[in-house]
Amino acid sequence: MLDVDLRSVLKCVRCGACRSVCPVLEEVGWESAGARGRMLVAHGISQGLDVDDDVLESLNTCMTCGMCKQMCPAGANPINVIENIRHRLVMKGDMTEAQKKLHKRITETGNSLGEESGRREWLGECTGSIKETAEYVYFVGCLGAYRYPESVIATFDVLSHFDVTLLPDEVCCGSPLIRTGFDADKMIAHNVEQIRMVGAHTIITSCAGCHNTLIQSYPDEFKVVHVSEFLAEHLSELELKRLDLTVTYHDACHLGRCRGVFDAPRKVITAVCDLKEMKTNREDARCCGGGGGVRTGYPELSLALVKKRLMDVPDGVDYLITSCPLCTKNLIEGGSDTDVIDLVELVRLAMK
Amino acid sequence: MELITNLQEIVGIDSVSASPMELYCYSSDASQIRGTPDYVVRPQDSEQVSKILKFANEHEIPVTARGAGTGLAGGAVALEGGIVLDLSGMDRILDIDINNLQVAVEPGVVHSKLNEVLKAEGFFFPPDPGSSAMCTLGGLIANNGSGMRSVKYGTTRSYVLDLEVVLADGSVIHTGSKTLKSSAGYDLTRLMVGSEGTLGVITKAILKIHPLPKARTVVLASFETPELAGEAVVKTLSEGVIPSACEILDRTTVEVLNSYDPNIAIPDAGATILFEFDGTKSSVVEEAEIVEAVCKPFASGIRVAADRKEMEEIWSARRLVGAAISRINPNKTRVYVGEDVGVPIKEIPRMLKLVQSISDEFDLPIMTYGHVGDGNLHTGMCIDMLDNEQWERLNLAADKIHKTAIMLDGTVSAEHGIGSARCEYMRLERGDALDVMILIKRALDPKGILNPGKLGV
């Protein structure tokens, strides 16, 4: 029988309040697809419930969006319980094919996409001009480096006004591994060593997943700020012009609900153009459907969820702004009618 | 043919589960009652429900209806296995008929969703359970739930005009009509409300709605002891003032509320009463003044909530306080037992005092809160779930709370239902009337397939 932290599981009084917020339950309908159901599954496992494909599906379809944790009146933390159980199951070898493939990709290539090419190819000709040491280091992230070079270039370009450099050999932050139940110790140790070499006191992230993981799972010897926070603090130094645009902003779960970063991106946006909020926003923002390994493991579910999120986009906006490349990817692939761009790309449009 | 195939033929392959994992998820509600079904079925309409019941009746398979599974007495738990009918997918609002002051809904509609829709029309469905955000109307009707506003507006029973009910043999009846009143025969609607799925399965309801009041105000009154607070409530009600909510919060409840939502700053006191008045701008001011005058000799402090935002914050935190008590101690969890007694309103001060003495006797802190304006007290107890000795004291305290309420001519459940958690008190509370209930049950469900083991019938 699996050793489950029973006390955390028993914190759930099964009142069902999370039924009102869990987006997966709303989509799927079965009790096992919601936070209360997953807490029950965790309890069941502690009581000898066989771990079969249905159990794995229940546990692995949680996006760790944090809606349930935020509203749980009893103070339970389903995300922790689910991630712990995923971890214990993985240690025993109970996992899906999608989990196995993800793990293989990251451990073999150092990135979640399984890309063999260099992580710094987006830099093009500029590789030589990267400083060896700096006060700040820009942690690029896998998706940015390999899928959204234009937004990474924009970010690095904007940050080049400050004493910022890159890690000489950045690897995946470990978020996809940790979310899906694996250890990420090697990735973390590698990146920490790189950060020490660069001598930076602060890491700047541009991905909500990296941001959350660098704060939660890395040693706290350096500060971690999201690029939106960094820019909000240095707005006056950037000489930005006003754009004749109205945009809306999608709060990434792991940046907003999990880390409380709501004001900074809004401060940056309203400094350069008009902001029209999405139907659900800030603490109540719906998940894009991409997190927690759901995008990789359950693409159809993820697609259904992002379609619901896209219904929150207000009329009459020029761009849908995000501050996480995973959200960007999901929102674009979900068929957004509005152009989806990263916050920093908007800032670069406003630079004189 | 295997049973599961029959069920799949009725509702489709994807709407039946016999997965051990899924069955485990459906083996409980928010109470301590457990029972694992053999199948969970998610029907989409009353025709499917009818076919399932006809089939189950022929094969004598127990059927337990379930909404959101938020019940506190095991009402939706399949004690004898069989089929759990998860009706949460039947969640359409079928008709909003403002001219006739009514709505038609399927049983899976979530309470707060109905009120969100009605708000746009300037109306509301008055019963206001703490579980508004997640409970279904079917479950609310089947338990005759109510909540904070019943002191003025009454319980769910007062708002049900007609029910479509599938009986044990699969036949479908309508218990009432679209008229706002009717003298045509036995009141089957009122019989079905609160019958907890033991007489039939509700597949549609026509509910009476009410215009939204133009104004609301909340008065917060603090008292040194719960008994003084209870006396103030009795006095207020006897002055002819009917608040739209009248909630008592003891010291622990206030602490829990303030920690759940730090924006709420209810002063620390032995007990707090939240009076809400609704009506017109002038009537609510006038009633607030009367209650202030009546409470003054008893209270240690009185103030009016600053604005609508403060009122909404207070009520939304109050609705979830029952579970939030678990936050006070990381090793303890709220257990719902003995949590829903009701007493005649003049017995409130006495009941509060007796709850305190039960708390002392069993050395178990008991948080008291509830709809004191209608005599409904919720008692909240938290224990270390891994400590058997605490379980024992908890169950003894709950038993004594139930028996104390009956002794005061009260009830063991004012709004949460009997389920199986409170069956044993039915004889004590209802006496020979229970025999009549048993006769009705046998007449409508001769094979006993509908939610067996509930209500003491």
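Residues numbered from 1 in each chain as written. Chains lettered and ligands numbered in written order. Predicted model: local features only at pLDDT ≥ 70, side-chain atom pairs only at ≥ 80, totals over all residues.

Quick word on the overall build of chain A
Then step 1. Looking only at helices and strands, one finds 18 helices and eight strands in chain A.
Then step 2. In terms of overall dimensions, chain A is globule-like: its C-alpha atoms have a radius of gyration of 20 Å, near the 20 Å expected for 352 residues.
Then step 3. Projected onto its principal axes, the C-alpha coordinates of chain A cover approximately 60 × 45 × 30 Å.
Then step 4. When burial is assessed residue by residue, chain A has 55% of its 352 residues classed as buried.
Then step 5. By sequence separation, contacts in chain A at least 24 residues apart represent 74% of the contacts at least 6 residues apart. (Helix = DSSP H or I, 4+ residues; strand = E, 2+ residues; numbered from the N terminus. Rg over C-alpha atoms; globule rule 2.2 N^0.38 Å. Buried ≥ 20, exposed ≤ 12 C-beta atoms within 10 Å, placed from the backbone. Contact = placed C-beta atoms within 7 Å.)

Observations concerning the packing of helix 8 (residues 226-238) of chain B against helix 13 (residues 348-361) of chain B
Pairs of packed helices are described in terms of their axes, by the angle between the two and the distance that separates them.
Residues and elements named next belong to chain B.
Then step 1. Interaxial distance between helix 8 and helix 13 falls to 8 Å at its minimum, and their mutual angle equals 165 degrees. Classified by the angle their axes make, helix 8 and helix 13 are roughly antiparallel. Crossing handedness for the pair helix 8 and helix 13: right-handed. Contacts between helix 8 and helix 13 pair Pro 226, Glu 227, Gly 230, Glu 231, Val 233 and Val 234 from the former with Ile 348, Pro 349, Leu 352 and Lys 353 from the latter.
Then step 2. Tallied by class, the residues present in the contact of helix 8 with helix 13 amount to six nonpolar, one polar and three charged. (Axes fitted to C-alpha atoms, helices over the stretch in contact; angles between N-to-C directions. Parallel < 35°, antiparallel > 145°, perpendicular 65-115°, else oblique. Left-handed = near helix turned anticlockwise from the far one by under 90°. Nonpolar A, V, L, I, M, F, W, Y, C, P; charged D, E, K, R; others polar.)

Overview of the pairing of strand 8 (residues 160-166) of chain B
Residue and element names in this part refer to chain B.
Then step 1. The buried count for strand 8 comes to seven of seven residues, which makes it a mostly enclosed element.
Then step 2. Bridging between strand 8 and strand 10 (residues 201-208) involves six bridges; their strand directions are antiparallel. Each residue of the ladder has a partner; that of Val 166, found in strand 10, is Val 201.
Then step 3. Where strand 8 meets strand 9 (residues 172-174), three bridges bridge the pair, whose relative direction is antiparallel. Its bridge partner being in strand 9, Glu 164 is matched across the sheet by His 174.
Then step 4. The turn linking strand 8 back onto strand 9 is made up of five residues, and Gly 170 within it adopts a positive phi angle of 95 degrees. (Pairing = 2+ DSSP bridges.)

Description of the sheet that holds strand 7 (residues 319-322) of chain A
Residues and elements named next belong to chain A.
Then step 1. As summarised here, the arrangement of the four strands in space is 6-5-7-8, forming an open sheet in which the pairing is parallel. Each edge of the open sheet carries a strand with a single partner, namely strand 6 (274-275) and strand 8 (339-342).
Then step 2. Judged from the two bridges that link them, strand 5 (residues 246-249) and strand 6 form a sheet pairing that is parallel. What sits directly across from Thr 246, in strand 6, is Asp 274.

Section: the interface of chain B and chain A
Then step 1. The interface of chain B with chain A comprises 30 residues on the first partner and 28 residues on the second.
Then step 2. Among the elements that line the side of chain B that touches chain A, the one with the most residues is helix 2 (residues 20-25) of chain B, at five residues.
Then step 3. By residue class, the composition of the side of chain B that touches chain A is 15 nonpolar, ten polar and five charged.

As for helix 14 (residues 388-407) of chain B
Residues and elements named next belong to chain B.
Then step 1. Taking 1.5 Å as the rise per residue, helix 14 with 20 residues should run 28 Å; its terminal C-alpha atoms sit 29 Å apart, in good agreement.
Then step 2. Turning to helix 14, its buried residues number three or more, namely Leu 394, Ala 397, Ala 398, Ile 401, His 402, Thr 404 and Ala 405. Summarising the axial view, the buried residues of helix 14 lie within an arc of 160 degrees, below the 170-degree limit, and thus occupy one face. Seen from the buried face of helix 14, the exposed residues on the opposite side, beyond 90 degrees, are Asn 388, Glu 389 and Glu 392.
Then step 3. For helix 14, the elements touching its buried residues are strand 16 (333-335), strand 17 (341-342), helix 13 and strand 19 (376-383).
Then step 4. Residue Asp 409 follows helix 14 closely and has a positive phi angle near 60 degrees. (Expected span 1.5 Å × (residues − 1). Arc of directions from axis to C-beta.)

Considering helix 11 (residues 308-319) of chain B
Each full turn of the α-helix corresponds to 3.6 residues, which orients residues three or four apart in the same direction.
All names here are of chain B.
Then step 1. The end-to-end C-alpha distance of helix 11, which contains twelve residues, comes to 16 Å, matching closely the 16 Å that a straight helix rising 1.5 Å per residue would cover.
Then step 2. Within the span of helix 11, buried status applies to Ile 314, Trp 315, Ala 317, Arg 318 and Arg 319.
Then step 3. Here the buried face of helix 11 lies against strand 12 (215-223), strand 13 (245-250), helix 9 (251-260), strand 14 (271-279) and helix 12 (321-324).

Some details on the domain arrangement of chain B
Residue and element names in this part refer to chain B.
Then step 1. What the domain assignment lists for chain B is domain 1 (3-88), domain 2 (89-211), domain 3 (215-320) and domain 4 (325-429).
Then step 2. Here the C-alpha centroids of domain 1 and domain 4 sit 30 Å apart.
Then step 3. Across the side of domain 1 that touches domain 4, the residue classes break down as five nonpolar, five polar and no charged. (Domains from an automatic or database assignment.)

With respect to the environment of Asp 374 of chain B
Residue and element names in this part refer to chain B.
Then step 1. Mapping Asp 374 onto the fold places it in the loop between strand 18 (366-371) and strand 19.
Then step 2. The class for Asp 374 is buried, based on 24 C-beta atoms found within 10 Å.
Then step 3. Among all residues touching Asp 374, those that are not within four sequence positions of it are Ser 150 and Val 151.

With respect to the sheet that holds strand 1 (residues 16-17) of chain B
Then step 1. Spatially, 1-2-4-3 (chain B) is the arrangement adopted by the four strands of the open sheet, whose pairing is mixed. At either end of the open sheet lies a strand with only one pairing partner, and these are strand 1 and strand 3 (63-66) of chain B.

Quick word on the packing of helix 1 (residues 3-11) of chain B against helix 3 (residues 46-58) of chain B
All names here are of chain B.
Then step 1. Packing of helix 1 against helix 3 brings their axes to within 9 Å, and their N-to-C directions diverge by 160 degrees. Judged by the angle between their axes, helix 1 and helix 3 are roughly antiparallel. Of the two possible hands of crossing, helix 1 and helix 3 adopt the one that is right-handed. Where helix 1 approaches helix 3, its residues Asn 6, Leu 7, Ile 10 and Val 11 are matched on the opposing element by Gln 48, Lys 51, Ile 52 and Phe 55.
Then step 2. When the residues that make up the contact of helix 1 with helix 3 are grouped by side-chain class, the tally is five nonpolar, two polar and one charged.

A closer look at the environment of Val 306 of chain A
Residues and elements named next belong to chain A.
Then step 1. The topology assignment puts Val 306 in helix 16 (residues 299-310).
Then step 2. Along the backbone, Val 306 and Gly 290 are 16 residues apart, and their C-alpha atoms lie at a distance of 7.8 Å.
Then step 3. Apart from the residues within four sequence positions on either side, Val 306 is in contact with Cys 288, Gly 289, Asn 330, Leu 331 and Gly 334.

A few points about unusual backbone geometry
Glycine aside, a negative phi is what most residues show, and trans is what most peptide bonds show.
Then step 1. In this structure, Arg 282 of chain A takes a positive phi of about 50 degrees despite not being glycine.
Then step 2. With respect to the helices, strands and loops of the structure, Arg 282 of chain A is situated in the loop between strand 6 and helix 15 (294-297).
Then step 3. Owing to 15 C-beta atoms within 10 Å, Arg 282 of chain A belongs among the partly exposed residues under this scheme.
Then step 4. Of note in this structure, Glu 60 of chain B is not a glycine but carries a positive phi near 50 degrees.
Then step 5. Tracing the chain through its elements places Glu 60 of chain B in the loop between helix 3 and strand 3.
Then step 6. A tally of 10 C-beta atoms within 10 Å means that Glu 60 of chain B is categorised as exposed.

Things to note about the domain arrangement of chain A
Residue and element names in this part refer to chain A.
Then step 1. Here chain A is partitioned into domain 1 (6-95), domain 2 (121-233) and domain 3 (241-349).
Then step 2. Distance between the C-alpha centres of domain 1 and domain 3: 26 Å.
Then step 3. The interface is formed by ten residues belonging to domain 1 together with 16 residues belonging to domain 3.
Then step 4. Here the side of domain 1 that touches domain 3 is composed, by residue class, of four nonpolar, five polar and one charged.

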